[in-house]
Structures are given as C-alpha cells and as structure tokens.
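# What the coordinates show
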Amino acid sequence: VACVVVLAAWFAVVAPRYRETRRGSRVDPARQLTTLRERPAHFGSVVAKSLATSGRRWAEQGVGVIGWLDTMLPARFYSIAWCLLLAATFVDPFPERRADPVARSLYLGVFGVAFLGILAGLYLTWSDVGAGTIRGVQGRYFVPLIPLLGVALGVGIDRSWLRSAATAVAGGFASGAAIVTLVTVVARYYA
C-alpha cells in the first residue's frame with residue numbers, strides 16, 4: 001500500500017513537473033502519462049517487448065554486472081546463481097511460519113504491483129513519449145522484490161539435512177561469488 005501511495009503521489013505531483021535535459025530527447029512524463037491514458041493497452045505491449053528484448057540483461061544485472069554495467073561476470077556464473085535462487089524456494093528454514101495461500105497471493109500481488117510500478121516509473125521518466133520499450137531499467141532495481149517472489153512461490157520442503165545442505169551451498173556460493181567478482185574486477189580494471 002505504501003508503495004502504491006508513493007507511486008500515485010509521484011505520478012500526480014513530480015512527473016508532470018519533470019523536464020528532461022538531454023539534447024534531442026523527447027522525454028516528457030506529463031505527455032507520456034497522457035499518451036498512456038489515451039492508449040492504456042500500449043503499456044502492456046511496451047512491458048512485453050521490453051521483457052523480450054531486455055529481460056535476460058535485467059536478470060544478469062540482478063546477479064551482478066560491474067562498473068557502468070559494462071563488466072560481465074563469467075556467463076556460467078549467472079546460470080548457477082539463478083538455479084541456486086530457484087532451488088532456494090524449495091527449502092523452508094521456518095516451517096512454523098509457513099505462509100498460507102492468502103498471504104502467498106498477497107506477496108505475489110505486491111511483487112506484481114511493485115515490478116510494474118518500477119517499469120512504469122522508468123517508462124515515464126526515461127523513455128521518449130510513445131516509445132516501444134522502456135529505457136533506464138537496471139536489474140538491481142528488482143533485487144528487493146526477489147524475496148517476495150520466493151515466499152509467494154516457495155514450496156517449503158522442511159528436512160533438516162536439506163537445510164544443512166542449503167546452508168553449506170549458500171556459504172560456498174558466497175565465497176565463490178566473492179572470488180569470481182574479485183578476479184573479474186582485477187582482469188577488467190587492473191590487468
């Protein structure tokens with residue numbers, strides 16, 4: 001609710017007063033908002049096209065792309081990170097606090113509203129009026145939303161040996177991630 005209130009206030013107060021200063025830009029949040037009101041289905045196609053063209057890049061950035069988003073970690077690292085994140089939804093470290101179906105639906109709804117709110121905010125402030133894709137999206141903007149998705153979709157297998165294995169894998173991955181990041185930074189900026 002707080003996110004929706006802030007987003008609505010931003011659309012009503014800040015966006016109409018914003019003016020882009022990039023030379024040659026046609027960014028105008030007030031006109032963009034008017035265009036979306038006139039053609040509400042346009043935003044759905046913009047989101048779909050942006051996901052199709054940039055979704056993989058957003059997922060990589062959610063794991064980590066260094067510098068000015070120009071230094072990639074090894075390609076295999078992204079696959080491993082997302083596979084481990086997916087696997088983490090199956091492990092439930094708090095079986096006594098498992099979310100009921102109503103709470104799961106709420107978490108999923110909040111995820112959807114926040115995800116679309118991020119895209120809408122960036123579409124209004126960074127994309128030319130009527131553009132077919134959303135400019136300015138970085139995968140790190142979605143990182144705080146991932147736990148919501150994990151709770152909403154998590155299966156919650158409660159086995160002590162699985163929790164122990166998951167803890168060991170998480171520790172190993174964190175150590176490996178630190179090493180991979182350090183090696184990538186040294187190779188990119190100091191080699």
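A brief structural summary.

So, how was this worked out
- Residues numbered from 1 in each chain as written.
- Predicted model: local features only at pLDDT ≥ 70, side-chain atom pairs only at ≥ 80, totals over all residues.
- Heavy atoms only, no water.
- Helix = DSSP H or I, 4+ residues; strand = E, 2+ residues; numbered from the N terminus.
- Buried < 20%, exposed > 50% of the residue type's maximum accessible area, 1.4 Å probe, protein only.
- Contact = heavy atoms within 4.5 Å.
- Areas by Shrake-Rupley, 256 points an atom, 1.4 Å probe, with all protein chains shown as cover.
- Lys, Arg positive; Asp, Glu negative; His and termini not counted.
- Charge placed at Lys NZ, Arg CZ, Asp CG, Glu CD.
- Phe/Tyr/Trp six-rings, centres within 6.5 Å; stacked < 30°, edge-to-face > 60°.
- Axes fitted to C-alpha atoms, helices over the stretch in contact; angles between N-to-C directions.
- Parallel < 35°, antiparallel > 145°, perpendicular 65-115°, else oblique.
- Nonpolar A, V, L, I, M, F, W, Y, C, P; charged D, E, K, R; others polar.

A few words on the overall build of the chain. What the chain contains, in helices and strands, is seven helices and two strands. When the helices and strands of the chain are listed from N to C terminus, the series reads α-α-α-β-β-α-α-α-α. With the C-alpha coordinates of the chain rotated into their principal frame, the extents come out at 55 × 55 × 25 Å. The burial tally for the chain puts 31% of its 191 residues in the buried class. Intrachain contacts of the chain at a sequence separation of at least 6 include 73% that bridge at least 24 residues. Counting every atom, the chain has about 12100 Å² of accessible surface; 67% of that belongs to carbon and sulfur. For the chain, the distance from the average position of its 20 positive side-chain charges to the average position of its 10 negative side-chain charges is 6 Å.

This paragraph deals with the packing of aromatic side chains. Counted under the stated rule, the structure contains six aromatic pairs. Through a chain of ring-to-ring contacts, three or more aromatic side chains come together here, namely Trp58, Phe111, Phe115 and Phe142.

Turning next to the packing of helix α3 (residues 40-63) against helix α4 (residues 75-88). Where α3 contacts α4, the axes come no closer than 10 Å and their chain directions differ by 80°. Regarding the angle of α3 to α4, the classification is roughly perpendicular. Contacts between α3 and α4 involve Ala59, Glu60 and Val63 on the former and, on the latter, Phe77, Tyr78, Ala81 and Trp82. A per-class count over the contact of α3 with α4 returns six nonpolar, no polar and one charged.

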